[in-house]
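A structural walkthrough
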Amino acid sequence: MKVIKEPAEVRKTVNRVRNSGRSIGVVPTMGALHKAHRSLMSRARAENDFLIVTIFVNPTQFGPGEDYSSYPHNFKEDKEICSRDNVDVIFVPDKDDIYLQGHATTVNVTGGLTDYMCAKYRPGHYSGVATIVAKLLNIIKPHRAYFGQKDYQQFRVIERMTVDLNMNTEIVMCPIVREQDGLAVSSRNRYLTKAQRRSAPYIYKGLKEAALRIKAGEAVESKYIYEFIMDKIPEAKIDYAGVFDAKKLTPVSNIKNDVVIAAAVWVGKARLIDNVVVKTGEKQWRVS
Ligand code: AMP
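Parameters and conventions
- Residues numbered from 1 in each chain as written.
- Predicted model: local features only at pLDDT ≥ 70, side-chain atom pairs only at ≥ 80, totals over all residues.
- Heavy atoms only, no water.
- Phe/Tyr/Trp six-rings, centres within 6.5 Å; stacked < 30°, edge-to-face > 60°.
- Helix = DSSP H or I, 4+ residues; strand = E, 2+ residues; numbered from the N terminus.
- Buried < 20%, exposed > 50% of the residue type's maximum accessible area, 1.4 Å probe, protein only.
- Pairing = 2+ DSSP bridges.
- Contact = heavy atoms within 4.5 Å.
- Axes fitted to C-alpha atoms, helices over the stretch in contact; angles between N-to-C directions.
- Domains from an automatic or database assignment.
- Buried area = accessible area lost by both parts, 1.4 Å probe.
- Salt bridge = Lys/Arg side-chain N within 4 Å of Asp/Glu carboxyl O.
- Polar contact = N/O pair within 3.5 Å; in protein donor to acceptor, adjacent residues only side chain to side chain.
- Nonpolar A, V, L, I, M, F, W, Y, C, P; charged D, E, K, R; others polar.
- Left-handed = near helix turned anticlockwise from the far one by under 90°.

1. Some remarks on the packing of aromatic side chains
For any two aromatic rings, the description comes down to two numbers: the centre-to-centre distance and the angle of the planes. Applying the stated criterion across every chain, the model contains 6 aromatic pairs. Ring geometry for Phe-56 and Tyr-99: centres 6.5 Å apart, planes at 35°, overall tilted. Placement of Phe-56 in the loop between strand E3 (50–55) and helix H3 (75–84) and of Tyr-99 in the loop between helix H4 (95–98) and helix H5 (118–121) is noted, with a sequence separation of 43 residues between them. As far as burial versus exposure is concerned, Phe-56 and Tyr-99 are alike and both buried. Taking 5.4 Å as the distance between ring centres and 55° as the angle between the ring planes, the aromatic pair formed by Phe-62 and Tyr-68 counts as tilted. Classification of Phe-62 by relative accessible area gives buried; the value is 11%. Taken together, the ring pairs connect Phe-62, Tyr-68 and Tyr-71 into an aromatic cluster.

See the structure below:
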């Protein structure tokens, strides 16, 4: 396994790999690797000949007052995990090599995809995400890039961007990895106190309950999800909770197509996001 900091060196390495006819998979991360990252890595490892994990805490996707400067990092441990999981290259660039002096280009994915959900509460976040992912995909030009369903809006934004910018990378969605009690695994779960950690799984329970009701033919309003979560986690501060079209990410009341039931909830210092997808295309509606 090689650790590479220089974009130019990564380019050289991937050119060699591509020219030898091998496929390249990439898993972009912000480090502090955990079992959810590892599940993406394992899928990418299985589907490609060469696996690159990128570690970069991208300043442009954090808003003022967000946790950029305190975001957890432990490169020694990340390196051990990657080495054990047969990663070929860890690409860990410096900020100044990604955002060169005079940097003046931003990628904006517009339309309904960035009108609702987290985009409403984190202005500029998805420009930051789209810009860094475009850069990483331009440097590496992988055959496939792997992202988690947990960051559902991020996935749809990146998927749209790669189509619109004619990028030749397949964007793959990987299922949400959860703790035993249902809480979605996240680097930010460590911000929770013990009591908060005990109540946090009720976010998922609320979304799941809403999904089951939708599956049973009930009309579920955001109010139902809000009340469910607030009843179980009185200290919660809900940014949003609701039912959105799974492709367009616009709010839905009369369900005809696949939907994503999603929420962003502050529990203490942690902003937790989670979602459940209800697929309506099949006879038996599927919840995932
Ligand atoms: P991050 O390091 O938090 O930016 O995450 C890197 C990638 O891992 C993103 O594509 C996330 O969607 C994905 N990821 C993080 N947590 C989970 C989870 N619990 N389940 C599935 N994917 C996840």
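2. Some points on the sheet that holds strand E9 (residues 270–279)
Strand order across the open sheet formed by 4 strands is E7-E8-E9-E10, with antiparallel pairing between neighbours. Each edge of the open sheet is held by one strand with a lone partner, namely strand E7 (237–245) and strand E10 (286–287). In the packing of helix H9 (residues 202–215) onto the sheet, contacts are made with E7, strand E8 (259–267), E9 and E10, and the angle to E9 comes to roughly 20°.

3. Remarks on the sheet that holds E3
Here 6 strands make up an open sheet; going across it, the order is E1-E4-E3-E2-E5-E6 and the pairing parallel. The open sheet is flanked by strand E1 (2–4) and strand E6 (170–174), the only strands paired with a single partner. Neighbour-to-neighbour, the strand axes of this sheet turn through a mean angle of 25°, independent of strand direction. Pairing geometry for strand E2 (residues 24–29) and strand E5 (residues 144–148), over 2 bridges, is parallel. Of the residues in E5, the one forming a bridge with Val-26 is Ala-145. In the packing of helix H1 (residues 7–19) onto the sheet, contacts are made with E1, E2, E3 and strand E4 (89–91), and the angle to E1 comes to roughly 135°.

4. Comments concerning the domain arrangement of the protein
Here the protein is partitioned into domain 1 (2–174) and domain 2 (187–276). Each of domain 1 and domain 2 has a C-alpha centre, and the two are 26 Å apart. Each partner contributes residues to the interface: domain 1 has 22 residues there, and domain 2 has 19 residues. Around 1900 Å² of area is buried between domain 1 and domain 2 when both sides are counted, 57% of it from carbon and sulfur atoms. Linking domain 1 with domain 2 are 1 salt bridge, by the criterion used here. In this structure, Asp-67 and Arg-188 form a salt bridge, with 2.8 Å as the shortest nitrogen-oxygen distance. Our count for the contact surface shared by domain 1 and domain 2 stands at 8 residue pairs in polar contact (both at pLDDT 80 or more). Sorting the residues of the side of domain 1 that touches domain 2 by element identifies H5 and helix H7 (152–164) as the ones contributing at least two each. Among the elements that line the side of domain 1 that touches domain 2, the one with the most residues is H7, at 3 residues. Residues belonging to the side of domain 1 that touches domain 2 are distributed by class as follows: 10 nonpolar, 7 polar and 5 charged.

5. Considerations on the pattern of salt bridges
Evaluation of the coordinates by the stated rule reveals 18 salt bridges. A salt bridge links Arg-122 to Glu-66; the nearest nitrogen and oxygen atoms lie 2.6 Å apart. Taken as a pair, Arg-122 in the loop between H5 and helix H6 (125–140) and Glu-66 in the loop between E3 and H3 lie far apart in primary sequence, 56 residues in all. By relative accessible area, which is 10% here, Arg-122 ends up buried. Given a relative accessible area of 27%, Glu-66 falls into the partly exposed group. If you follow the salt bridges from partner to partner, you end up with Glu-209, Arg-213 and Glu-218 in one network.

6. Concerning the packing of H9 against helix H10 (residues 222–232)
Contact geometry of H9 with H10 gives a least axis separation of 9 Å together with a crossing angle of 145°. Both H9 and H10 take part in a crossing whose hand is right-handed. Counting all contacts with H9, which are made through Tyr-202, Ile-203, Lys-205, Gly-206, Leu-207, Glu-209, Ala-210 and Arg-213, the residues of H10 involved are Tyr-224, Ile-225, Phe-228, Ile-229 and Lys-232. Grouping the amino acids of the contact of H9 with H10 by side-chain chemistry returns 8 nonpolar, 1 polar and 4 charged.

7. Here's the deal with the environment of Glu-159
By secondary structure assignment, the location of Glu-159 is in helix H7. The spatial distance from the C-alpha of Glu-159 to the C-alpha of Val-3 is 28 Å, given a sequence separation of 156 residues.

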